[in-house]
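Coordinate analysis (summary)
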Amino acid sequence: MDFSKLGQNEKLATYGSVAVIVGAIVGGVVGGGFGWLAVLAAIAMLVVIFLPQFSPATNLPGSKGSLMLICGGVAAVILVLGLLASLGFLSLYFSLFALNAIFFLIAVAGGILMGWAGWQAFQAEGGKFQIGNASTSTATSAPPPAAPSETIPPNDERQP
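Residues numbered from 1 in each chain as written. Predicted model: local features only at pLDDT ≥ 70, side-chain atom pairs only at ≥ 80, totals over all residues. Heavy atoms only, no water.

Moving on, we get to the overall build of the protein. Along its length, the protein carries five helices and zero strands. Walking the protein from its N terminus toward its C terminus, one meets helices and strands in the order α-α-α-α-α. Counting only residues that meet the buried cut, the protein has 32% of its 160 residues in that class. Sequence separation of 24 or more characterises 74% of the internal contacts of the protein that already satisfy a separation of 6 or more. Total accessible area computed for the protein in this model is approximately 10,100 Å², and 67% of it derives from carbon and sulfur atoms. (Helix = DSSP H or I, 4+ residues; strand = E, 2+ residues; numbered from the N terminus. Buried < 20%, exposed > 50% of the residue type's maximum accessible area, 1.4 Å probe, protein only. Contact = heavy atoms within 4.5 Å. Areas by Shrake-Rupley, 256 points an atom, 1.4 Å probe, with all protein chains shown as cover.)

What follows concerns the nonpolar core. The biggest cluster of nonpolar side chains holds 29 residues, and the ones touching the most others in it are Met 45 and Leu 79. If you list the elements that add at least two residues to this core, you get helix H1 (8-27), helix H2 (35-54), helix H3 (64-85) and helix H5 (98-124). Of the residues forming this core, the biggest block, eight residues, is contributed by H2. Other than its neighbours up to four places away in sequence, Leu 79 contacts Val 20, Val 29, Ala 38, Ala 107, Val 108 and Gly 111. (Core = buried A, V, L, I, M, F, W, Y, C linked by side-chain atoms within 4.5 Å.)

The subject of this paragraph is H1. Along its 20 residues, H1 runs 27 Å from first to last C-alpha, staying within 8% of the 28 Å computed at 1.5 Å per residue. Considered for burial, the residues of H1 that qualify are Glu 10, Ala 13, Thr 14, Gly 16, Ser 17, Ala 19, Val 20, Ile 21, Gly 23, Ala 24 and Gly 27. Lining the buried residues of H1 we find H2, H3, helix H4 (90-96) and H5. With its phi angle positive at about 80°, Gly 28 sits one or two positions after the end of H1. (Expected span 1.5 Å × (residues − 1).)

Here it is in structure tokens:
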């Protein structure tokens, strides 16, 4: 794993993914609700980023920017909604379990960072979703039939 070969958006997504994984596990987000889905999205983000380095022959099922946007978006939406749902209890959470609350906020910040890095990578690729394997013609297939060619006389030789 060569971290120096990564682009700026990939580095940001890596930092965000690690923050989500560590923050969610230590903060106790994984135990309830959809926090486990944010952790799975963070792991998927790391796979999307590092799989081309570990296995260059393996093709991702879409463009890197599209996959990063999906993983980052899932993590960001789930963790921000979790934060909004727990705003009423956040002061109680801080008074009773301060360390867990801090790591929960770290996970939320990491999810937002993942979403932002995924958006930036998606925009850098042109902003078009490219998910799934496109059907391409193989070299053994027959070429399409040629259209009959016509000779068009120049303008001065045309009949009215």
